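Now for the letters of each chain:
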Amino acid sequence: MSLFLKISKLSRPLTSRRVHSTTNSEGRFRRAWALIGGPLRWIYWLPLGLGFTQYFYTLKTIRGRSMQPTLNPDTSSWDDIVVFDRYSINSGEPIRKGDIVALRDPLDSKKMLVKRIVAVAGDVVKTLPPYPDAEVFVPEGHVWVEGDEPFRTLDSNKFGPVPLALLDSKLMYIIWPLDRMGPLRPPISPISKRGIPRDFRWYSDMAAFDREQRRQSRVTTRSTTTSHS
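Being a predicted model, the structure only gives us computed values, none of them experimental.

Engineer: Looking at this structure, I do not really get the nonpolar core. What am I missing?
Structural biologist: In summary, soluble globular proteins display a tendency toward joint burial of nonpolar side chains. Ranked by size, the top nonpolar core spans 13 residues in total, and within it Ile95, Leu103, Ile117, Val143, Val145, Val162 and Leu167 carry the most contacts. Listed by contribution, the elements that provide at least two residues to this core are β4 (100-105), β5 (108-120) and β8 (142-146). Considering every element that reaches this core, the biggest residue donor is β5, with three residues. Core analysis: the next-biggest nonpolar cluster, separate from the first, contains 10 residues, Leu71, Ile100, Val114 and Leu171 among them.

Engineer: Got a minute to help me understand the environment of Ile100 in this structure?
Structural biologist: Within the secondary structure, Ile100 is located in strand β4. For the pair Ile100 and Glu146, spaced 46 residues apart in sequence, the C-alpha to C-alpha distance is 9.5 Å. Each residue touching Ile100, except ones within four places of it in the same chain, is listed here: Met67, Thr70, Phe84, Val114, Lys115, Arg116, Ser169, Lys170, Leu171 and Leu184.

Engineer: Hey, could you run me through the packing of aromatic side chains in this one?
Structural biologist: What describes a pair of aromatic rings is the distance from one ring centre to the other and the angle between the planes of the rings. Taken as a whole and judged by the stated rule, the model has two aromatic pairs. Between the aromatic rings of Trp78 and Trp176, the centroid separation amounts to 5.2 Å while the plane-to-plane angle is 85 degrees, which identifies the pairing as edge-to-face. Taken together, the positions of Trp78 in the loop between β1 (57-61) and β2 (81-85) and Trp176 in strand β10 (residues 167-176) put the pair 98 residues apart, joining distant regions of the chain. With a centroid separation of 5.4 Å and 75 degrees between ring planes, the pair formed by Tyr131 and Trp144 is classed as edge-to-face. Of this pair, Tyr131 sits in the loop between β6 (124-126) and β7 (135-137) while Trp144 sits in strand β8, and the two are 13 residues apart along the sequence. Residue placement shows Lys60 over the ring face of Phe84; its charged tip is 6.0 Å from the ring centre.

What counts and what doesn't
Residues numbered from 1 in each chain as written. Predicted model: local features only at pLDDT ≥ 70, side-chain atom pairs only at ≥ 80, totals over all residues. Heavy atoms only, no water. Core = buried A, V, L, I, M, F, W, Y, C linked by side-chain atoms within 4.5 Å. Buried < 20%, exposed > 50% of the residue type's maximum accessible area, 1.4 Å probe, protein only. Helix = DSSP H or I, 4+ residues; strand = E, 2+ residues; numbered from the N terminus. Contact = heavy atoms within 4.5 Å. Phe/Tyr/Trp six-rings, centres within 6.5 Å; stacked < 30°, edge-to-face > 60°. Lys NZ or Arg CZ within 6 Å of the ring centre and 35° of its normal.

Below, the structure written as C-alpha cells:
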C-alpha cells in the first residue's frame, strides 16, 4: 500500500505540470490573438472597403469658397462633408447640366476640384473673364465647368472645356453639417404665400434660382446630357 501512495505522489506533479503547461499555452494564444486579431480583421475587410470607395461611393470634405453658397456657405462655420458617387461616372451614365462633380485639375493632376457642369458637348457658352474668347463651342467628349461663386473660382473660364476622362465622381448628398443634411435640390423659384413673411430660406432659394437662370442664359443649348464612357 505504501508503494502505491509513493507512486501516486510522484504522478500528481507531472499531471499538474501538464495541465498548467496547457493552460499557459492557451493563455499565450489568446493574448497573441488579441494583439493580431484586430489588425487581421482590418486586413481582411480592407480590399472590400477600398473597392467600395474606388468604384462606388466616397466621402469628401469640401474646401474653399468657389462653390458658395451651394457648398460651404458663409452662414455655416463648418466645412461641408459630402457623398460623391463614382459608380455613375465609371459606368458611363449621362452627365447632366447642373450636376456638381469632382474632377482632376487640368492644370495640376494632383489636385481635385469641385465644380458645376454648365454646358455639355455641342453647347455654345458665353464665357466670363479671363477666358480670351467671348464664346466657346464645347467639343465632343468634353464639358464646361464653373464654380457657383464666379469671383473665387478656378474653372473652365481659365482652362477651357474639360475632357470627360478627368471627371472623378458626382456629388449626391450632404451629410455634414446636420442642419444642411440631405440631397442637393435643383434651384427652383420659391413660392410666396399670402400672409406668410419671406424668411432667410426664401431669399436664399430665390438667389440660387436667379444664379441658375443667369448660367442658363449664357448657354445655347444643343443637348441636355452627354455620355461618359
